[in-house]
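Coordinates in review
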Amino acid sequence: MQRQDARKPLVVGNWKMNGTLGANEPLLAALRAGLDAALLTGVEVAVLPPYPYLAQVSAWLGETPLSWGAQDVAAYAEGAYTGEVSAAMLRDLGCRWVTVGHSERRALLGETSEQVAVKIEQALKAGLQPIACVGETLADREQGLTESVIAAQLAPLARLACVGMPGQLVLAYEPVWAIGTGRTASPEQAQAVHAFIRAALSAAGFDGAALRILYGGSVKAASAPALFAMPDINGGLIGGASLVADEFIAICRSAASA
Ligand code: 13P
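Described below are features of the structure shown in this document. Predicted model only: the values in this text are computed from it and were never measured.

**Quick word on the pairing of strand β5 (residues 129-134)**
Burial analysis of β5 places six of its six residues in the buried class, the great majority of the element. A two-sided burial pattern is seen for β5, the buried positions comprising Q129, I131 and C133 on one face and P130, A132 and V134 on the other. Note: strand β4 (residues 97-100) against β5, four bridges, orientation parallel. Bridge pairing in β5 places V100 opposite A132. Bridge count for β5 against strand β6 (residues 170-173) is four bridges, and the pairing is parallel. Across the sheet, residue A132 finds its bridge partner in β6, namely L171.

**Regarding the nonpolar core**
Among the nonpolar cores identified, the biggest contains 65 residues, and L171 and I197 are the most heavily contacted of them. Examining the composition of this core, we find that six residues originate from one element, helix α10 (residues 245-256), more than from any other. Apart from residues lying up to four places away in sequence, I197 is in contact with V134, I150, L154, L171, Y173 and I213. Counting 11 residues, the second-largest nonpolar core is a separate cluster that includes W97, I131, V170 and L237.

**Overview of the packing of aromatic side chains**
According to the stated counting rule, one finds two aromatic pairs in the structure shown. Judged by centre distance (3.9 Å) and plane angle (0°), the rings of Y76 and Y81 are stacked.

**Focus: the sheet that holds β6**
Strand order around the closed barrel formed by eight strands is β1-β2-β3-β4-β5-β6-β7-β8, with parallel pairing between neighbours. The average angle at which neighbouring strand axes cross in this sheet is 25°, direction not considered. Of the pairings in the sheet, the one linking strand β2 (residues 44-48) to strand β3 (residues 67-70) comprises two bridges and is parallel in character. Note that in β3 the partner of A46 across the bridge is S67. Where α10 meets the sheet, its contacts fall on β1 (10-14), β2 and β8 (235-238), and the angle it forms with β1 comes to roughly 160°.

**Considerations on the pattern of salt bridges**
All chains considered together, the criterion is met by 10 salt bridges. Note that R105 is salt-bridged to D72, the shortest N-O span being 3.0 Å. Of this pair, R105 sits in helix α4 (residues 103-109) while D72 is found in the loop between β3 and α3 (87-92), placing the two residues 33 residues apart along the sequence. Note on D72: relative accessible area 7%, which makes it buried. The salt bridge involving D232 is made with R198; its shortest N-O contact spans 2.6 Å. A residue pair is termed long-range when its members are at least 10 positions apart, and D232 in the loop between α9 (224-228) and β8 and R198 in helix α8 (residues 187-203) qualify at 34 residues. The exposure class assigned to D232 is buried, which follows from its relative accessible area of 13%. Several salt bridges share partner residues, and in doing so they unite D72, R105, E111 and K119 into one network.

**Here's the deal with the site of the ligand**
In the vicinity of the ligand, the contacting residues are N14, K16, H102, E174, A178, I179, G180, G217, S218, L237, G239 and G240. Interatomic distance of 2.8 Å between a side-chain N/O atom of K16 and an oxygen atom of the ligand. A distance of 2.9 Å separates an oxygen atom of the ligand from a polar atom in the side chain of E174. Compared with its free state, where it exposes 310 Å², the ligand has 96% of that area covered by protein. Among the residues making up the shell around the ligand, the classes are represented as three nonpolar, seven polar and two charged.

**Thoughts on the environment of R32**
Within the fold, R32 resides in helix α1 (residues 21-34). Separated by 96 residues in sequence, R32 and L128 have C-alpha atoms that sit 23 Å apart. Once residues lying within four places of it in the same chain are set aside, the contact partners of R32 are W60, T64 and L66.

**Some details on the environment of S254**
Mapped onto the secondary structure, S254 falls in helix α10. Look at S254 and you get buried, because its relative accessible area is 11%. For the pair S254 and A221, spaced 33 residues apart in sequence, the C-alpha to C-alpha distance is 7.9 Å. Apart from the residues within four sequence positions on either side, S254 is in contact with A224, P225 and F228.

**Some details on unusual backbone geometry**
A positive phi angle, near 50°, is found at K16, a position not held by glycine. With respect to the helices and strands, K16 occurs in the loop between β1 and α1. Phi angles above zero are rare outside glycine, and S218 is one such case at about 55°. The residue S218 is located in the loop between β7 (212-216) and α9 in this model. On the basis of relative accessibility, which here comes to 10%, the residue S218 falls in the buried class.

Procedures and definitions
- Residues numbered from 1 in each chain as written.
- Predicted model: local features only at pLDDT ≥ 70, side-chain atom pairs only at ≥ 80, totals over all residues.
- Heavy atoms only, no water.
- Buried < 20%, exposed > 50% of the residue type's maximum accessible area, 1.4 Å probe, protein only.
- Helix = DSSP H or I, 4+ residues; strand = E, 2+ residues; numbered from the N terminus.
- Pairing = 2+ DSSP bridges.
- Core = buried A, V, L, I, M, F, W, Y, C linked by side-chain atoms within 4.5 Å.
- Contact = heavy atoms within 4.5 Å.
- Phe/Tyr/Trp six-rings, centres within 6.5 Å; stacked < 30°, edge-to-face > 60°.
- Axes fitted to C-alpha atoms, helices over the stretch in contact; angles between N-to-C directions.
- Salt bridge = Lys/Arg side-chain N within 4 Å of Asp/Glu carboxyl O.
- Near = heavy atom within 4 Å.
- Polar contact = N/O pair within 3.5 Å; in protein donor to acceptor, adjacent residues only side chain to side chain.
- Areas by Shrake-Rupley, 256 points an atom, 1.4 Å probe, with all protein chains shown as cover.
- Nonpolar A, V, L, I, M, F, W, Y, C, P; charged D, E, K, R; others polar.

Shown next, in the form of structure tokens:
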């Protein structure tokens, strides 16, 4: 089956709270050199640096087909919200993407699925493409609660304006037990949850066929090909391996040839 354009694989490097101006330079130079136009016909690639490095990333990647974004966005448009960064500011810095509801923010900062939905709305209004993250903990999985936990995380998305905007919203399935642990979900485990997410969002009115669902959680060059071969896995959200140029480029290459 021909892949729909909206389902072109997408690989996103989430740098989390890592990097320095100096350390980012060789990484960005390597990405610019290693992710050539031929490779990028088969995969879209983006990086998400910490906010202070967005300008640096835009200077390095501005003239390339690579895109960039942020790791979070305010739930407010503008005003007296000390420490927050608005969606419009991110657009100003050339961002195309923003992750919302990453499990680290849900766990460490108590971010709720309702707040995540508001952030998605702010992002869409400013012309950003949100990447909404969902995933269960190990305890959830062991108690057989994976689907109900994810259904609850998805529920507030059903009332979003982007329900009728195919391709705008991207989902990322990141099982909490696989993040930074070196323990990847098996391709079959990930596929089952991706299919569940696609069905749940289709039932909520989204165009399921146009929805990109990324897998994240200890993806490495070695594990990427089998994950990306699954029919409902449309790319990856890569943490640790996105800081190692060769590893990240190899992951992008397997997405392009999936
Ligand atoms: P790791 O790839 O380091 O497990 O991180 C995954 C992740 O949380 C990406 O958002």
